[in-house]
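Analysis of the macromolecular model
Chain by chain, the residues:
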Amino acid sequence: HMTVRWITEKGKSENELFYRQRGYPDWKQVKSEFLEMPEDQPYLIHRVALSGLEPDSEYIIKIGEEGKEYKFKTLPQSPSQPIQFVVGGDIYHDDTES
């Protein structure tokens, strides 16, 4: 399972995520759910949850058909080594006023 989130300006049409497993030519397409940002900010927060992914596999994603490509790798079915990862974020740590 992988959850992908991104932000666009309201009125932009980048509400579709394309993904494929590395080594496979066909892209799959998923339409995002989205919420408006709080405090009348002119942006949308998009979310797509990908499921049914193969373990220990690399995937390529892009926002919109012509978007920049990003990649991620799924966890192995039965990890034999410790797994290390980083968690972070910076959206609305304090407030939206500048």
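For the structure, check the block above.
This is a predicted model, so every value here is computed, not measured. (Residues numbered from 1 in each chain as written. Predicted model: local features only at pLDDT ≥ 70, side-chain atom pairs only at ≥ 80, totals over all residues. Heavy atoms only, no water.)

Looking at the packing of aromatic side chains
A ring pair, where both rings are aromatic, is described by two values, the distance of the centres and the angle of the planes. Under the definition given, this model contains one aromatic pair. Geometrically, the ring pair formed by Tyr59 and Phe72 is stacked, given 5.6 Å between the ring centres and 15° between the ring planes. Within this pair, whereas Tyr59 is found in strand 6 (residues 58–63), its partner Phe72 is found in strand 7 (residues 69–73), the two being separated by 13 residues in sequence. The burial state of Tyr59 is the same as that of Phe72; both residues are buried. Lying over the aromatic face of Trp27, Arg20 brings its terminal NZ or CZ to 4.9 Å of the ring centre. Between the NZ or CZ atom of Lys62 and the centre of the ring of Trp27, over which it lies, the distance is 4.2 Å. (Phe/Tyr/Trp six-rings, centres within 6.5 Å; stacked < 30°, edge-to-face > 60°. Helix = DSSP H or I, 4+ residues; strand = E, 2+ residues; numbered from the N terminus. Buried < 20%, exposed > 50% of the residue type's maximum accessible area, 1.4 Å probe, protein only. Lys NZ or Arg CZ within 6 Å of the ring centre and 35° of its normal.)

Some words on the environment of Phe34
As for its placement among the helices and strands, Phe34 is situated in strand 4 (residues 33–36). For Phe34 and Arg5, which are 29 residues apart along the polypeptide, the C-alpha to C-alpha distance reads 9.2 Å. Sequence-distant contacts of Phe34, defined by excluding residues within four places in its chain, comprise Leu44, Ile45 and His46. (Contact = heavy atoms within 4.5 Å.)

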